[in-house]
Amino acid sequence: AIKQCLDEAGLMQTDEYLLKAVQLYEVLGIRFGVMQVGPTGGGKTTIARCLATAMTQLKEQGSKDPEHQTVHTYCFNPKSISMGELYGNYNLLTNEWTDGLASTIVRMANNDEAADHKWIVFDG
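Anyway, here's the lowdown on the structure attached to this text. (Residues numbered from 1 in each chain as written. Predicted model: local features only at pLDDT ≥ 70, side-chain atom pairs only at ≥ 80, totals over all residues. Heavy atoms only, no water.)

A word on the overall build of the chain
Right, so step 1: When you go through the chain residue by residue, the secondary structure sums to 5 helices and 4 strands.
Right, so step 2: Counting helices and strands in the order they occur from the N terminus, the chain gives α-α-α-β-α-β-β-α-β.
Right, so step 3: Once the C-alpha set of the chain is aligned to its principal axes, its extents read approximately 55 × 35 × 25 Å.
Right, so step 4: Pairs at least 24 residues apart make up 54% of the contacts formed inside the chain by residues separated by at least 6 positions. (Helix = DSSP H or I, 4+ residues; strand = E, 2+ residues; numbered from the N terminus. Contact = heavy atoms within 4.5 Å.)

Description of helix α5 (residues 101–111)
Right, so step 1: What α5 keeps buried is the set Ala-102, Ser-103, Ile-105 and Ala-109. Within α5, the buried residues cover an arc of 165° as seen down the axis, which keeps them to one side.
Right, so step 2: Buried-residue contacts for α5 involve β1 (71–76), α4 (83–87), β3 (96–99) and β4 (117–122). (Buried < 20%, exposed > 50% of the residue type's maximum accessible area, 1.4 Å probe, protein only. Arc of directions from axis to C-beta.)

What about the pairing of β3?
Right, so step 1: Relative to β3, strand β2 (residues 88–91) runs antiparallel, the two being bridged by 4 bridges. Pairing of Asn-91 across the sheet is with Glu-96, part of β3.
Right, so step 2: Hairpin remark: β2 followed by β3, antiparallel, with 4 residues in the connecting loop; positive phi at Asn-95, about 55°. (Pairing = 2+ DSSP bridges.)

Brief notes about the pattern of salt bridges
Right, so step 1: The final tally for this structure, using the stated rule, is 1 salt bridge.
Right, so step 2: Here Asp-99 and Arg-107 are joined by a salt bridge, their closest N and O atoms 2.4 Å apart.
Right, so step 3: For Asp-99, a relative accessible area of 32% gives the class partly exposed. (Salt bridge = Lys/Arg side-chain N within 4 Å of Asp/Glu carboxyl O.)

Observations concerning the packing of helix α1 (residues 2–9) against helix α2 (residues 15–30)
Right, so step 1: Look at α1 against α2: their axes get within 11 Å of each other, and the N-to-C directions meet at 125°. As far as their axial angle goes, α2 and α1 are oblique. Once α1 is placed against α2, the crossing between them reads as right-handed. Facing α1, whose interface residues are Ile-2, Lys-3 and Leu-6, α2 presents Tyr-17, Leu-18 and Ala-21.
Right, so step 2: Residues of the contact of α1 with α2, tallied by class, amount to 5 nonpolar, no polar and 1 charged. (Axes fitted to C-alpha atoms, helices over the stretch in contact; angles between N-to-C directions. Parallel < 35°, antiparallel > 145°, perpendicular 65-115°, else oblique. Left-handed = near helix turned anticlockwise from the far one by under 90°. Nonpolar A, V, L, I, M, F, W, Y, C, P; charged D, E, K, R; others polar.)

Written out as structure tokens, the structure is:
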């Protein structure tokens, strides 16, 4: 499925790229949160998107593997907004808490009880 995704995107199927996709898949199976680190243009976002597409396709094709679920990705650039807009903030004058983008997305994904995978991606 990863190779098919790469073909559809017009990308080369290098051993290194396929290895990174497999490694990301394996880490996502045992960890709650994952951080991809590498140089700009190194393929981090493309690997994650391709893996999400592949897992969704496998589910749609009838895979019985419980790890092969539809993947919903919530992606945003945390550098494009302030910390208060990102995480939320407390107004000292009104004693009100205002949720930020990240806390709103996390709450929404957590409230969804479907077996689908929800990936919240801070890409930037």
